[in-house]
Amino acid sequence: MADLVLAATGGRPRVPPGLDVREEELPLAVDGALRVPGYERVHAVGDLVVVPHARFGPLVFPHWDMAIGTGEHAADAIAGVAGELDRLPYWWTEIGPRTFAEVGWPDAAVEWAEEDGTHVGRDAAGEPVAALVDEPRRLREARTLLGY
Ligand SMILES: Cc1cc2nc3c(=O)[nH]c(=O)nc-3n(C[C@H](O)[C@H](O)[C@H](O)COP(=O)(O)OP(=O)(O)OC[C@H]3O[C@@H](n4cnc5c(N)ncnc54)[C@H](O)[C@@H]3O)c2cc1C
């Protein structure tokens, strides 16, 4: 009989130095310009923030693509050209030989079903809000399904 070892490694956001922010306030609930509460010209991005997302509402999404997206959004906000943050949440991971990827916000899903090989999460209105695929080439279809 084979043994199975499951290990999980994650990160915990820490208070950035020099800011008047308490540990209990993390992740930080920032405004649409990703400003740190109480600071007009300090922006926070990545794993540190609760993102005010245009479609899915406030969400914590500690993955690479959203770290890039929030960084870009903060830069746009500083430049005065940012609208609402509407980047489609996206992560991927490799487990052994398999690659999994998901788009959307699974917390918004109330039911899941397999549809043509894609695991689709739908909200209470039946709208697709998340899609999980096990072949990266299917990501485009998943994005299209969610209207992106
Ligand atoms: C083990 C592991 C596996 C992961 N795998 C995936 C994956 O497969 N797919 C995916 O989408 N996401 C994955 N993630 C999540 C992804 O790594 C994070 O979401 C992303 O790195 C967050 O970016 P960030 O810029 O917010 O923070 P970080 O990437 O953590 O960057 C923060 C930076 O700040 C620096 N720093 C900290 N304190 C100070 C200080 N006082 N002064 C100056 N610099 C400081 C740190 O050294 C670091 O370079 C994984 C995370 C972990 C831990």
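Residues numbered from 1 in each chain as written. Predicted model: local features only at pLDDT ≥ 70, side-chain atom pairs only at ≥ 80, totals over all residues. Heavy atoms only, no water.

On to the overall build of the protein chain. Check the secondary structure of the protein chain and you find two helices and eight strands. Ordered by position from N to C terminus, the α and β elements of the protein chain give β-β-β-α-β-β-β-β-β-α. With the C-alpha coordinates of the protein chain rotated into their principal frame, the extents come out at 50 × 40 × 25 Å. A buried classification covers 33% of the 148 residues belonging to the protein chain. A separation of at least 24 residues holds for 38% of the contacts in the protein chain among residues at least 6 apart in sequence. When the accessible area of the protein chain is evaluated, it comes to approximately 9,500 Å², of which 52% is carbon and sulfur surface. Separation of charge centres in the protein chain, based on 13 positive and 25 negative side chains, amounts to 4 Å. (Helix = DSSP H or I, 4+ residues; strand = E, 2+ residues; numbered from the N terminus. Buried < 20%, exposed > 50% of the residue type's maximum accessible area, 1.4 Å probe, protein only. Contact = heavy atoms within 4.5 Å. Areas by Shrake-Rupley, 256 points an atom, 1.4 Å probe, with all protein chains shown as cover. Lys, Arg positive; Asp, Glu negative; His and termini not counted. Charge placed at Lys NZ, Arg CZ, Asp CG, Glu CD.)

What surrounds the ligand is the set Thr-9, Pro-17, Gly-46, Asp-47, Pro-62, His-63, Trp-64, Ala-67 and Trp-92. A distance of 3.1 Å separates an oxygen atom of the ligand from a polar atom in the backbone of His-63. When the ligand is considered free in solution it has 1,000 Å² of accessible area, and contact with the protein chains removes 41% of it. Residue classes in the shell around the ligand are distributed as five nonpolar, three polar and one charged. (Near = heavy atom within 4 Å. Polar contact = N/O pair within 3.5 Å; in protein donor to acceptor, adjacent residues only side chain to side chain. Nonpolar A, V, L, I, M, F, W, Y, C, P; charged D, E, K, R; others polar.)

Time to look at the sheet that holds strand β1 (residues 28-29). Spatial ordering of the open sheet is given by β1-β2-β3, a layout of three strands whose pairing is mixed. At either margin of the open sheet sits one strand with a lone partner, and together these are β1 and β3 (57-59). Sheet analysis places β1 next to strand β2 (residues 49-53), joined by two bridges and oriented parallel. Following the sheet pairing, Ala-29 is matched in β2 by Val-50. (Pairing = 2+ DSSP bridges.)

By convention, interface size is frequently given as the accessible area that disappears when the constituent parts associate. Each assigned domain of the protein chain is listed here: domain 1 (25-79) and domain 2 (90-145). On a C-alpha basis, the centres of domain 1 and domain 2 stand 24 Å from each other. With eight residues of domain 1 in contact, the opposing surface of domain 2 contributes eight residues. Between domain 1 and domain 2 lies a buried interface of about 780 Å² when both sides are counted; carbon and sulfur atoms form 74% of it. For the domain 1 face of the interface with domain 2, the top three residues by lost area are Phe-56, Phe-61 and Asp-65, together amounting to 58%. (Domains from an automatic or database assignment. Buried area = accessible area lost by both parts, 1.4 Å probe.)

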